[in-house]
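Close look at the chain arrangement
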Amino acid sequence: MSTAVQANPNIQTITFRRPTNKAATASPAKPKNRHGGLLQDQLRRAQRAPWCPSWSAALRIMLLVRVAGAMYSGIQDCDEVFNFWEPLHYLWKGYGFQTWETSPEYSIRSWAYILLHYLPVKISATFIGPEKRPAFFAVRILLAIVSSLCEVTFYRAVVDRVNYRVGRYVFFMLLFNAGMWTAAPAFLPSSFAMYANTLASAYALEPPKNSDMRRTLFATLAFAAGAIVGWPFALAVAIPFVFEQLFLTGADTVTSESRASWIYGRWNRMITSAGIAALLFVPVVALDTLFYGKLSIVPWNIISYNVFPDPQRGPELYGTEPVHFYLSNLLLNFNVLVPFALLALPALVITYRVDNKRLGERYQFVNRSSPYALLAVRLAPAYLWVAIMTAQKHKEERFMYPIYPLICFNAAVTVYLMRGWLETAFIAVTNSPYKASRSSLFSQFTLSVVATTCVLSVSRIMAQWKYYHSPMSVTFALEAAEVPRLLNTTGHIFLPPPFEPEEGSKRRSTSRDEDDMPRIDLSLIQDWGLRLCVGKEWHRFPGHFLVPDGVRVDWVKSGFDGMLPGHFAETSRHGGLLNRLQGTMVVPKGLNDLNREAPEFYVDVQSCDYLLDLDFPLHPTAGRHEPRYVADEATWARVECQPFLDAHHSSMLTRTLWMPGELWQARNSYGEFCLLRHKANVDKKEREHTVRR
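The structure displayed is predicted, hence computed values, not measured ones.

Here is what the cut-offs are and how they apply
- Every chain begins its residue count from 1, and numbering advances along the sequence as written.
- Confidence filtering applies because this is a predicted model: local features only for residues at pLDDT of at least 70, side-chain atom pairs given and counted only at 80 or more, and all residues used for totals across whole chains, interfaces and linings.
- Excluding hydrogens and water, the side-chain figures rest on all heavy atoms present in the structure.
- Secondary structure is summarised from DSSP: a helix means a run of H or I of at least four residues, a strand means a run of E of at least two, and numbering begins at the N terminus for each.
- Buried, partly exposed and exposed residues are distinguished by accessible area as a fraction of the type maximum, computed with a 1.4 Å probe on protein chains only: under 20%, between the cut-offs, and over 50%, respectively.
- Contact between two residues is taken to exist if any of their heavy atoms lie within 4.5 Å; hydrogens are not considered.
- Side-chain atoms within 4.5 Å link the members of a nonpolar core, which is a set of buried Ala, Val, Leu, Ile, Met, Phe, Trp, Tyr and Cys residues.
- Given a helix with a known number of residues, its expected span is that number minus one, times 1.5 Å.
- In protein, a polar contact means a hydrogen-donor-capable atom and an acceptor-capable atom, both N or O and within 3.5 Å, with residues adjacent in sequence counting only if both atoms are side-chain atoms; elsewhere, any N or O pair within 3.5 Å suffices.
- A fitted line through C-alpha atoms represents every axis, and for helices the fit uses only the stretch in contact; the resulting angles, taken between N-to-C directions, go from 0 to 180 degrees.
- Should an angle fall under 35 degrees it is called roughly parallel, over 145 degrees roughly antiparallel, and 65 to 115 degrees roughly perpendicular, with every other angle called oblique.
- Crossing handedness is read from the near helix: turned anticlockwise from the far helix by less than a right angle, it gives a left-handed crossing, and turned clockwise, a right-handed one.
- Amino acid classes used here: Ala, Val, Leu, Ile, Met, Phe, Trp, Tyr, Cys and Pro are nonpolar; Asp, Glu, Lys and Arg are charged; the rest, including Gly, are polar.
- Here a strand pair is declared whenever DSSP counts at least two bridges between the two strands.
- Throughout, a disulfide means two cysteine sulfur atoms within 2.5 Å of one another.
- Criterion for a salt bridge: a side-chain nitrogen of Lys or Arg within 4 Å of a carboxyl oxygen of Asp or Glu.
- Only the six-membered ring of Trp is used, alongside the rings of Phe and Tyr, when aromatic pairs are assigned; centres must lie within 6.5 Å, and planes under 30 degrees apart are stacked while those over 60 apart are edge-to-face, with the rest tilted.
- Put simply, a charge is over a ring when the Lys NZ or the Arg CZ is close to the ring centre, within 6 Å, and near the line of the ring normal, within 35 degrees.

1. What to know about the overall build of the protein
Regarding its fold elements, the protein presents 25 helices and 9 strands. Dimensions along the principal axes, computed over C-alpha positions, put the protein at roughly 95 × 95 × 60 Å. Counting over 693 residues, the protein shows a buried share of 52%. Expressed as a percentage of contacts within the protein between residues at least 6 apart in sequence, the contacts between residues at least 24 apart total 78%.

2. Considerations on the nonpolar core
Val166, Tyr404, Phe409 and Leu532 are the most contacted members of the largest nonpolar core, which has 166 residues in total. Look past the residues within four positions of phenylalanine 409 in its chain and what remains in contact with it is Phe154, Val158, Val162, Val166, Val170, Leu205, Arg378 and Leu379. Ranked by size, the runner-up nonpolar core spans 11 residues in total, among them Val605, Leu611, Tyr629 and Val630.

3. Thoughts on helix 9 (residues 213–230)
The end-to-end C-alpha separation of helix 9 is 25 Å, in line with the 26 Å expected for 18 residues at 1.5 Å each. N-capping of helix 9 is provided by aspartate 212, with a side-chain oxygen placed 3.0 Å from the backbone N of arginine 214.

4. Some words on the packing of helix 9 against helix 10 (residues 239–247)
Packed helix pairs are characterised by how far apart their axes lie and by the angle those axes make with each other. It is the contact of helix 9 with helix 10, at a shortest axis distance of 11 Å, that shows an interaxial angle of 155 degrees. With respect to their mutual orientation, helix 9 and helix 10 come out roughly antiparallel. Here helix 9 runs over helix 10; the crossing is left-handed. On the side of helix 9, the interface is formed by Arg215, Thr216, Ala219, Thr220 and Phe223, while helix 10 contributes Phe241, Glu244 and Gln245. For the contact of helix 9 with helix 10, the class distribution of residues is 3 nonpolar, 3 polar and 2 charged.

5. Details of the pairing of strand 5 (residues 551–555)
Most of strand 5 is tucked away, with 4 of its 5 residues classed as buried. In the sheet, strand 4 (residues 530–534) pairs with strand 5 via 5 bridges, with the strands oriented parallel. Its bridge partner lying in strand 5, cysteine 533 is registered against aspartate 554.

6. Structural notes on the state of the cysteines
Taken as a whole and assessed by the stated rule, the structure comprises 2 disulfides. Paired through a disulfide, cysteine 533 and cysteine 608 show a sulfur-sulfur distance of 1.9 Å. Taking the sign of the S-S torsion, -90 degrees for the link of cysteine 533 and cysteine 608, the bridge is left-handed. One end of the pair, cysteine 533, is in strand 4; the other, cysteine 608, is in the loop between helix 22 (577–584) and strand 7 (610–615), with 75 residues separating them in the sequence. Covalently, cysteine 641 is tied to cysteine 674 through a disulfide, its sulfur atoms 2.0 Å apart. Between cysteine 641 and cysteine 674, the S-S torsion sits near 120 degrees, and that sign places the bridge as right-handed.

7. Description of the pattern of salt bridges
Tallied over the entire structure, the rule returns 30 salt bridges. In this structure, glutamate 244 and arginine 378 form a salt bridge, with 2.7 Å as the shortest nitrogen-oxygen distance. Placement of glutamate 244 in helix 10 and of arginine 378 in helix 17 (residues 371–390) is noted, with a sequence separation of 134 residues between them. Using a relative accessible area of 8% as the deciding quantity, one classes arginine 378 as buried. We note a salt bridge from arginine 485 to glutamate 482, for which the minimum N-O separation is 2.9 Å.

8. Quick word on the packing of aromatic side chains
Tallied over the entire structure, the rule returns 46 aromatic pairs. Relative to phenylalanine 568, the ring of tryptophan 111 lies with its centre 6.1 Å away and its plane at 55 degrees, an arrangement referred to as tilted. Note that tryptophan 111 is positioned in helix 3 (residues 111–115) and phenylalanine 568 in the loop between strand 6 (566–567) and helix 22, a separation of 457 residues in sequence. For phenylalanine 568, a relative accessible area of 3% translates into the label buried. Of the aromatic side chains, those joined through ring pairs into one cluster are Phe84, Trp85, Trp92, Tyr113, Phe136, Phe137, Phe187, Phe192, Tyr195 and Phe545. In this structure, lysine 93 packs its charged tip against the face of tryptophan 92, placed 4.3 Å from the ring centre. Sitting above the plane of the phenylalanine 476 ring, arginine 133 keeps its charged end 4.1 Å from the centroid.

Structure below.
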């Protein structure tokens, strides 16, 4: 600071200067090396990298798709409804269907896992209201968010640890994949295992080293969470990770003199991480024991039932599938990615022969693991899982969920390696790396693969919505349309008449403007004793979350002669979780693990007020226990009917994929999934509950 005297003696000025003792400004950080992963680009290394979204940008994009999936994807597996949605509904409302798996006698479903989904239900009830449908979607949106976080973390790990191009392929393959569309919002332990395995794989992509406890601990915790909280068999996906951790040097340089201490350090770190992860058993076993009323180690019960079954019991009671079942199923969901995923390890061997610089073999890896071995270990889990599941006679689509993101990873690696082959061949023919660096042939190849799988996946997603979504929409029509009609007809509420647009108006005519609809108190029907029945379509029933309170759901006899769910012992609708213990501890009568029919669970169809049924009028079938209820117009009236694909009488191509246009749809045959009203029963209850004014 300095002062100076001006011409005017009454004015003094002060001048400040920059401090001279300020620390030297640090030089800006160098950009991250995008060629530091396992796979190395050989062309255009100095040019600007293709676009790879950051973690936050990728998350926002992924959330858009996953939340849309939570809102519009269907429920593919009846086990999801009866083993998880129904117990969750019971915890909230005090009633619902119970399977033999949740009986204390068998206890092979974890209440600890189900309780993880109770919070979004209560949040929805607190802030939105008592309606059940918002709670249903709150749970699905939560699952979509969790899946998005895990997928994006995995994608960025691929970018940083493998190759930025491979990461880009993985991102778009995951984003539009038809399998992920279904699996991400599914309320299933196999989906939870998928989240955990995806997160664990993100950590496992880092090379192992003795100085880094973070990789070992976090990956082990994630794998263990997927197995203990979710599905115990999912731990098989961790076998290559454990092998690498114990036997491959990874980023460590190990000489013969230091090998003994290195082995001790690796085993000590692995055992310590496994011990910490095993602590997850404590809250899981404690909660399951509390709800079942006896010591229950659910992961062991699952393994015991499936691996060491009694000769009269076991998973094969519920169906067996041929060896090619999973291949066919994966082709439906992953289309052209399946051959790429299965060729990952052979492609790695070919790359070693024809393009060995692709994995950094320009360096000498003395006393360190070969990058080929490290990449092979990362590709192995998908192969291992497919082999284990294919060897089982009982097969289901959801059993593949734990490796869905890994299938995309394997396919992305193969696409990248094949791109390298094209580059090598181009240079060999032209003898000009410069021309190769300027050619668009390689990017066109990768773009064609990624674009093809995205288009086919979107087509498959649309097929699932157009062809098979009607059970969820039709079931909800009971709450959305029929219950308001009942209350309006009986004078409990007044609904405005349907809006009729004036002549010449461009406003679309609807049965009733949703914006003008009053909020209806559905509790008004709770003393009506309404009964919704389901027969042969029991496996398509979407659950009590889409059925209003006050409507009891029961089964009517159909051609199916196996075990159907019974009802939980009902507890107070307004009771808390501790009140539900009065039902979860009860051993229900009639439920068994022999898939033996329980006739006491059936009701007379004439006692039903409403019925869910599927009819194929173009190819009608009827039996003693499966009459065509839709055709009996004297007894039943249609409340809501929507198209449902008749797969047996539709072309394989057009029933697999959806495309716009009459020519494509002409090769499909449709039936009707209907909500039917028993005229006499409902008319009687309308008269009994009409408000007298």
